[in-house]
Amino acid sequence: MEPQLIKYVNTLNLEEVTPRASKGPKTFSVEDAVETIGFGRFHIMLFLIMGSTGIAEAMEIMLLAVVSSAIRCEWRLQSWQVALVTTILVISFMWGAYFSLLTSFAPSYSWFVFLRCLVGCGVSGHAQGLIIKTEFLPKKFRGYMLPLSQIFWLAGSLLIIGLGSVVTPTIGWRWLVRLASIPGIILVLVFRFIPESARYNVSVGKNQAATDTLEWIAKVNRSKIPEGTIQEPMAENRGRFCDLLDRKYLRTSLQTWVIWLGIAFAYYGVILASSELLERNLLCGSGQGQMEVDVEQDSNGPCFCNMLSPSDYQTMIISTVGEIALNPFNILGINLIGRRWTLGLTMTTTGVFFLLLIICMSRTGLIAILFCLRALVSANFNTIYIYTAEVYPTVMRAIGMGTSGSLCRIGAMAAPFIAQVLLSTSITAGLCLFAGICFICALSAFTLPIETKGRALQQVK
């Protein structure tokens, strides 16, 4: 009996001691804080300010399609020279609105190309805005709010086309360029209301700065952060290019880069091809045969001078509205069947619609196909932006988005020479090339190794 009595006494002692054990300080992660704070007024402000970068970028990109016919006529340009303007723009996506304004004073084609190069330097910040939105949004809202950012791109595209239809024929394309620079200048003044990423601050050991940011967001949202202090492992490094080639992310990175390149190639191809098809009436594979064109011979070769008509602007507006047409279905697909399958299906359909353009059709048919293509390429961009921002941990997210954006620019650089040069020579060859790239991207999307639907953002790799 004595051993049992000792065992009983020891049990009582343990029960008395256990409740008195001192508890450690409460801790929480940035993800816990973001989920606890929830969606509120701060996120609406963030959505409006960072989304407005889409207005500025869309106006600068669509500006090229709107003024291409005007500068072709004024400076007697050939197709490759018009295409070069777009390529130079996307080569240098790094700084902006100031040089956009200076473009309107360009005295010659060479100055126009140089200044558009500098404009491109500012437009690239759009991707960083998406990263900030992704990191501050609760995970259940990301699949809904991020695709809605497309509304701002649509607004910018429609605004520049509408202004082009009024300004270019009356006071000239230079005033259109000046007006296009205004949104970028305004945004510089309001960016000061956007805080630094709390996830980034934690990753570099600035826990107090991250706490201050989260407390301010909670105050704006009339909410609270969890009790305790932020406790997350500090990253050993801030993310390097070689991290993207780590065994864990190598396949994801390579396939994602292929998709980014192909999506940009298709997107800018659709924008520029629509302008070319309308300006030069390249229907039914007929080249310039179906319209009357002023062909002026000079030392540089033939110049096709044909200004956009009011009906052409209307067609561009209708096709641009297509960018928002698939948004509800895109949101449903992203949240129901996941990012990979949604992207794979829309990329496949994009390739099919490029092939449909080969078929001889009326102007109404062309408008319908362009409308669907704009909807599809927009949906593709929505999905890949969300996927890339979610798949990498915080320490790699910026380098992951930046590298993907660089590959995206390569696709955008190649698109003008297909949409504005090859297409005028052989419609079938140009459209088959666009379709083939889309099918390759679709295969890559279907086989991506990681699905990010419902997945919390990772802090470290």
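Before any of the text, the structure's been laid out above.
If you're wondering where the values come from, they're calculated on a predicted model, not measured in any experiment.

Novice: I tried to follow the environment of Ile185 on my own but got confused; where do I start?
Specialist: By secondary structure assignment, the location of Ile185 is in helix 11 (residues 182–190). According to the relative accessible area criterion, Ile185 is partly exposed, its value standing at 41%. Sequence separation between Ile185 and Ala56 is 129 residues, and the spatial gap between their C-alpha atoms is 9.2 Å.

Novice: Teacher, can you tell me more about the pattern of salt bridges here?
Specialist: Oppositely charged side chains can pair when the atoms bearing their charge come close. Enumeration over the complete set of coordinates arrives at five salt bridges. In this structure, Glu227 engages Lys26 in a salt bridge whose closest nitrogen and oxygen atoms are separated by 3.1 Å. Here Lys26 lies in the loop between helix 1 (2–17) and strand 1 (27–28) and Glu227 lies in the loop between helix 13 (207–220) and strand 2 (229–230), a separation of 201 residues in the sequence. In terms of burial, Glu227 and Lys26 fall into one category: exposed. Linking Glu390 and Arg339 is a salt bridge whose minimum nitrogen-to-oxygen distance equals 2.9 Å. In this pair, Glu390 is assigned in helix 19 (residues 363–391) and Arg339 in helix 18 (residues 339–356), connecting sequence segments 51 residues apart. You'll find Glu390 and Arg339 in the same group, each marked buried.

Novice: Just to check I follow, could you spell out a nonpolar patch on the surface for this structure?
Specialist: Together, Phe329, Leu332, Leu336, Ile337, Trp341 and Leu345 make up an exposed nonpolar region whose accessible area comes to about 670 Å². Of all the elements in the fold, those that place two or more residues in the nonpolar patch are helix 17 (327–336) and helix 18. You can see Ile337 is positioned in the loop between helix 17 and helix 18. Judged by its relative accessible area of 44%, Ile337 is partly exposed.

Novice: Help me understand the packing of aromatic side chains in this model?
Specialist: To describe a pair of aromatic rings, you give the distance between the ring centres and the angle between the ring planes. Applying the stated criterion across every chain yields a total of 14 aromatic pairs. Their ring planes at 85° and their centres at 4.9 Å tell us that Trp260 and Tyr385 sit as a pair that is edge-to-face. Of this pair, Trp260 sits in helix 15 (residues 250–279) while Tyr385 sits in helix 19, placing them 125 residues apart in sequence. When its relative accessible area of 14% is taken as the criterion, Tyr385 is described as buried. Measuring from centroid to centroid gives 4.7 Å for Phe265 and Phe434, while their planes differ by 35°, and the two rings are tilted. In this pair, Phe265 sits in helix 15 while Phe434 sits in helix 21 (residues 427–446), placing the two residues 169 residues apart along the sequence. Phe265 sits in the buried class, given a relative accessible area of 6%. Under the relative-accessibility criterion, Phe434 is labelled buried at 1%. Linked through ring pairs, Trp153, Trp260, Tyr267, Tyr268, Phe381 and Tyr385 together constitute an aromatic cluster. Arg178 extends its terminal NZ or CZ atom over the ring of Trp175, reaching a point 4.6 Å from the ring centre.

Novice: What am I meant to see in unusual backbone geometry here?
Specialist: The phi torsion of most residues other than glycine is negative, and most of the peptide bonds are trans. Residues other than glycine seldom take positive phi values, yet Arg222 does so here, at roughly 60°. With respect to the secondary-structure elements, Arg222 resides in the loop between helix 13 and strand 2.

Novice: I'm lost on the side chain of Ser197 in this one. Help?
Specialist: Along the chain, Ser197 turns up in the loop between helix 11 and helix 12 (198–203). Residues contacting Ser197, with those up to four places away along its chain left out, are Glu135 and Phe136.

Novice: Help me understand the packing of helix 8 (residues 139–148) against helix 19 in this model?
Specialist: Helix packing for two helices is described by the angle between their axes and how far apart those axes are. Between helix 8 and helix 19, the least distance of the axes is 10 Å, while the angle of their chain directions is 135°. When the axes of helix 8 and helix 19 are compared, the pair comes out oblique. Helix 8 and helix 19 meet at a crossing whose hand is right-handed. On helix 19, the residues touching Arg142, Leu146 and Pro147 of helix 8 are Asn382, Ile386 and Glu390. Its residues placed into classes, the contact of helix 8 with helix 19 shows three nonpolar, one polar and two charged.

What counts, and at which threshold
- Residues numbered from 1 in each chain as written.
- Predicted model: local features only at pLDDT ≥ 70, side-chain atom pairs only at ≥ 80, totals over all residues.
- Heavy atoms only, no water.
- Helix = DSSP H or I, 4+ residues; strand = E, 2+ residues; numbered from the N terminus.
- Buried < 20%, exposed > 50% of the residue type's maximum accessible area, 1.4 Å probe, protein only.
- Salt bridge = Lys/Arg side-chain N within 4 Å of Asp/Glu carboxyl O.
- Patch = residues over 30% accessible without salt bridge, like charges linked within 9 Å, V, L, I, M, F, W, Y side chains within 5 Å.
- Areas by Shrake-Rupley, 256 points an atom, 1.4 Å probe, with all protein chains shown as cover.
- Phe/Tyr/Trp six-rings, centres within 6.5 Å; stacked < 30°, edge-to-face > 60°.
- Lys NZ or Arg CZ within 6 Å of the ring centre and 35° of its normal.
- Contact = heavy atoms within 4.5 Å.
- Axes fitted to C-alpha atoms, helices over the stretch in contact; angles between N-to-C directions.
- Parallel < 35°, antiparallel > 145°, perpendicular 65-115°, else oblique.
- Left-handed = near helix turned anticlockwise from the far one by under 90°.
- Nonpolar A, V, L, I, M, F, W, Y, C, P; charged D, E, K, R; others polar.

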